[in-house]
Amino acid sequence: MDPKTRAEIRKENELKEKEQKKRDKEREKVEREYQKQLEKEGIVTKSRKNENEKVRDRGRKLDKIILVVAILLVIVLAIVFII
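1. Some words on the overall build of the protein
At step 1: When you go through the protein residue by residue, the secondary structure sums to 2 helices and 0 strands.
At step 2: Its C-alpha atoms give the protein a radius of gyration of 25 Å, clearly above 12 Å, the size a compact globule of 83 residues would have.
At step 3: For the protein, the spread of C-alpha atoms along the three principal axes comes to 85 × 50 × 10 Å.
At step 4: Relative to its full complement of 83 residues, the protein shows a buried share of 2%.
At step 5: Only carbon and sulfur atoms are counted for the fraction: they give 60% of the accessible area of the protein, which is about 8,500 Å².
At step 6: Within the protein, the 17 negative side-chain charges are centred at a point lying 4 Å from the centre of the 24 positive side-chain charges.

Structure (C-alpha cells):
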C-alpha cells in the first residue's frame with residue numbers, strides 16, 4: 001500500500017472537480033435544449049429559471065434607479081440648505 005502525497009491527493013481532487021464541472025455544464029446545456037424544445041412544442045410556456053432571471057434583472061434596474069434618485073435628492077437638499 002503506497003501512501004499518497006498531499007500533492008497527488010490535491011491533483012486527484014482538482015481532476016475530480018474539473019470532471020464534475022464539465023458534467024454539470026453538459027447537463028445544464030442538455031436541460032436548456034430540452035426546455036427550448038418543450039417551449040417550441042407548446043408543452044411548457046414558461047420556465048421558473050427564466051422568470052427568476054427576469055425578476056433579478058428588474059430588481060437590479062430598480063436598485064440603480066433608487067440610487068440615482070437618492071443621489072439627486074441629496075444634491076437638491078444640499079443646494080436648498082446652502083442657499
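Once the structure has been displayed, the description carries forward.
2. What to know about the pattern of salt bridges
At step 1: Tallied over the full model, the rule gives 4 salt bridges.
At step 2: Here D24 makes a salt bridge to R27, at a shortest N to O gap of 3.9 Å. Linking D24 with R27, this pair stays in helix α1 (residues 6-41), spanning 3 residues, or about one helical turn.
At step 3: Here the salt bridges do not stand alone but share partners, grouping D24, R27 and E31 into one network.

3. Here's the deal with α1
At step 1: If you check α1, its first and last C-alpha atoms are 52 Å apart, about what 36 residues at 1.5 Å a residue would give, namely 52 Å.
At step 2: Immediately beyond the C-terminal end of α1, within one or two residues, lies G42, with a positive phi of roughly 85°.

4. Quick word on a nonpolar patch on the surface
At step 1: On the surface, L67, V68, I71, L72, I75, I79, I82 and I83 cluster together into a nonpolar patch covering about 850 Å² of accessible area.
At step 2: As for its position among the elements, I71 is in helix α2 (residues 48-82).
At step 3: For I71, a relative accessible area of 45% gives the class partly exposed.

5. Structural notes on the environment of Q35
At step 1: In this structure, Q35 sits in helix α1.
At step 2: Owing to a relative accessible area of 22%, Q35 belongs among the partly exposed residues under this scheme.
At step 3: Taking C-alpha positions, Q35 is 38 Å from I9, a pair spaced 26 residues apart along the chain.

What counts, and at which threshold
Residues numbered from 1 in each chain as written. Predicted model: local features only at pLDDT ≥ 70, side-chain atom pairs only at ≥ 80, totals over all residues. Heavy atoms only, no water. Helix = DSSP H or I, 4+ residues; strand = E, 2+ residues; numbered from the N terminus. Rg over C-alpha atoms; globule rule 2.2 N^0.38 Å. Buried < 20%, exposed > 50% of the residue type's maximum accessible area, 1.4 Å probe, protein only. Areas by Shrake-Rupley, 256 points an atom, 1.4 Å probe, with all protein chains shown as cover. Lys, Arg positive; Asp, Glu negative; His and termini not counted. Charge placed at Lys NZ, Arg CZ, Asp CG, Glu CD. Salt bridge = Lys/Arg side-chain N within 4 Å of Asp/Glu carboxyl O. Expected span 1.5 Å × (residues − 1). Patch = residues over 30% accessible without salt bridge, like charges linked within 9 Å, V, L, I, M, F, W, Y side chains within 5 Å.

Interpretation note: all reported values are geometric properties and have no functional meaning in isolation.
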